[in-house]
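# Survey of secondary and tertiary structure
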Amino acid sequence: MNRRGFVVGAVGGSAALLVGWSLLPQRARLGTPGTLPVVAGEVGLNGWIRIASDGRIRLAMPRSEMGQGVHTAFAMLAAEELDVPLAQVTLIEAGADRLYGNVAMFVAAVPAHPRDREPGTEPAWVQAADWMVGKIARELGINATGGSTSVADAWVPLRLAAATARARLVGAASLQWRLPAEELQVREGVVSHAASGRSAHYGELAAQAAATPPGDVQLKPRASWRLIGSAAPRIDLRAKTNGSAVFGADLRLPGMRYAVVRHCPMLGGSPGRVQEIGRAHV
């Protein structure tokens, strides 16, 4: 094979691989129960949701709270689809899995006019660009907060994760009670059957729910929303006002070295002597 044939073949093969890769479905962002490590007494239902024995919801939080209320917004999205009170949702730090990457931040960088972003009227080139950029962003899985993209990014995957968890929990109750899932109701984190009087909270159903297929999962229609779009108190407000909130600067690990700045007690002063008390080794 001559050099020209090799170059043409390499370019053609690369183009074929790129086209084939682009036609594959985008990487799912639901995760598995093993994606989110659990502690004793808790059960993971997917990469976003785990259930405590008392029925409380542990929600993975991959975004930074910088005063924009994103922690409350994420909790509201999950609580809505799970049919639980907002106070029943507790946030836990998400891991480094790529499913938590901020895809919307990359898609927002596609240079399209706002008129081309109207739902249902996007030109074909915008749809194609969004697909490709979103696909690449899912593979990269870069976890970032910024550009007012946190809620936009979580709008579908987080709601879908919560709705899937709810479907598993209802399915578990249906199997335990040998009753059609269509006859069961969910309210405030409790699955019940009016005719038989049976009921169980999420914590009692979680273990079996982890092994129950979710079936056909549907997001709540807008007409059924009770939390989304309503005013809600910031879930991090109490901890931040009573001093119990833990920030990065509060973290102390065994053997960890940390430092603080010692300011001169006099205006215009300068250090007279610096005592070296330790040297960190990397």
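What comes next is a walk through the structure.

### Observations regarding the overall build of the protein
Helix and strand counts for the protein come out as eight helices and seven strands. For the protein, the residues scored as buried account for 35% of the 282 residues in total. Excluding contacts between residues fewer than 6 apart, the proportion of contacts in the protein whose partners are at least 24 apart in sequence is 64%. Summed over all atoms, the accessible surface of the protein reaches about 17,500 Å², with 59% contributed by carbon and sulfur.

### What about the pairing of strand S3 (residues 57-61)?
Burial analysis of S3 places five of its five residues in the buried class, the great majority of the element. Neither face of S3 is open: one carries Ile57, Leu59 and Met61, the other Arg58 and Ala60, and all of them are buried. Pairing analysis gives three bridges linking strand S2 (residues 49-52) to S3, with the strands arranged antiparallel. What sits directly across from arginine 50, in S3, is arginine 58. Hairpin geometry of S2 and S3 is characterised by an intervening segment of four residues between the two adjacent antiparallel strands and by a positive phi of about 95° at glycine 55. With five bridges connecting them, S3 and strand S4 (residues 89-93) associate as parallel partners. Bridge pairing in S4 links methionine 61 to glutamate 93. Once the chain exits S3 it traverses helix H2 (residues 70-82) before rejoining the sheet at S4, and the crossover so formed is right-handed.

### Side note on the sheet that holds S2
In spatial order, the strands read S1-S2-S3-S4; together these four strands make up an open sheet with mixed pairing. Whereas interior strands pair on both sides, the edge strands pair on one side only; in this sheet they are strand S1 (42-44) and S4. For this sheet the average axis-to-axis angle between neighbouring strands, irrespective of direction, equals 30°. Lying on the sheet, H2 is in contact with S2, S3 and S4; it crosses S3 at an angle near 135°.

### Here's the deal with the sheet that holds strand S5 (residues 185-187)
The sheet built from three strands is open, its strands ordered S5-S6-S7 with antiparallel pairing. Taken across any chain shown, the strands that pair with only one partner, and hence form the sheet edges, are S5 and strand S7 (198-201). Within this sheet the neighbouring strands show an average axis-to-axis angle of 20°, counted without direction. Here strand S6 (residues 190-193) runs beside S7; their pairing, made up of four bridges, is antiparallel. Its bridge partner lying in S7, serine 192 is registered against serine 199.

### Thoughts on the nonpolar core
Note that soluble globular proteins tend to have their nonpolar side chains buried in a common cluster. If you look at the biggest cluster of nonpolar residues, it comprises 46 residues, and the most contacted ones within it are Trp48, Ile49, Ile57, Leu82, Val191 and Tyr202. Counting residues per element, the ones that place at least two in this core are S2, S3, H2, S4, helix H6 (157-177) and helix H7 (202-209). For this core, the element with the most residues is H6, which contributes nine residues. If near-sequence neighbours (up to four positions away) are discounted, leucine 82 is found in contact with Ile49, Ile57, Ala162, Ala165, Arg166, Val186 and Tyr202.

### A word on the packing of aromatic side chains
The geometry of an aromatic ring pair is captured by the separation of the ring centres together with the interplanar angle, meaning the angle of the planes. Scanning the model with the defined rule gives two aromatic pairs in all. Each ring, one from tryptophan 48 and one from tyrosine 100, has its centre 5.1 Å from the other, and the planes form 85°; the classification is edge-to-face. Of the two residues, tryptophan 48 is situated in the loop between S1 and S2 and tyrosine 100 in the loop between S4 and helix H3 (103-107); the sequence distance between them amounts to 52 residues. Accessibility expressed as a relative area gives 1% for tyrosine 100, which makes it buried. For the pair tryptophan 155 and tryptophan 225, a centre-to-centre distance of 5.6 Å together with 85° between the ring planes defines the contact as edge-to-face. A residue pair is termed long-range when its members are at least 10 positions apart, and tryptophan 155 in the loop between helix H5 (150-154) and H6 and tryptophan 225 in the loop between H7 and helix H8 (237-242) qualify at 70 residues. Residue class for tryptophan 225 comes out buried when judged on its relative accessible area of 18%. Above the face of the tryptophan 155 ring, arginine 159 is positioned so that its terminal group lies 4.7 Å from the ring centre.

About the thresholds
Residues numbered from 1 in each chain as written. Predicted model: local features only at pLDDT ≥ 70, side-chain atom pairs only at ≥ 80, totals over all residues. Heavy atoms only, no water. Helix = DSSP H or I, 4+ residues; strand = E, 2+ residues; numbered from the N terminus. Buried < 20%, exposed > 50% of the residue type's maximum accessible area, 1.4 Å probe, protein only. Contact = heavy atoms within 4.5 Å. Areas by Shrake-Rupley, 256 points an atom, 1.4 Å probe, with all protein chains shown as cover. Pairing = 2+ DSSP bridges. Right-handed = clockwise from strand over helix to strand, strands pointing away. Axes fitted to C-alpha atoms, helices over the stretch in contact; angles between N-to-C directions. Core = buried A, V, L, I, M, F, W, Y, C linked by side-chain atoms within 4.5 Å. Phe/Tyr/Trp six-rings, centres within 6.5 Å; stacked < 30°, edge-to-face > 60°. Lys NZ or Arg CZ within 6 Å of the ring centre and 35° of its normal.

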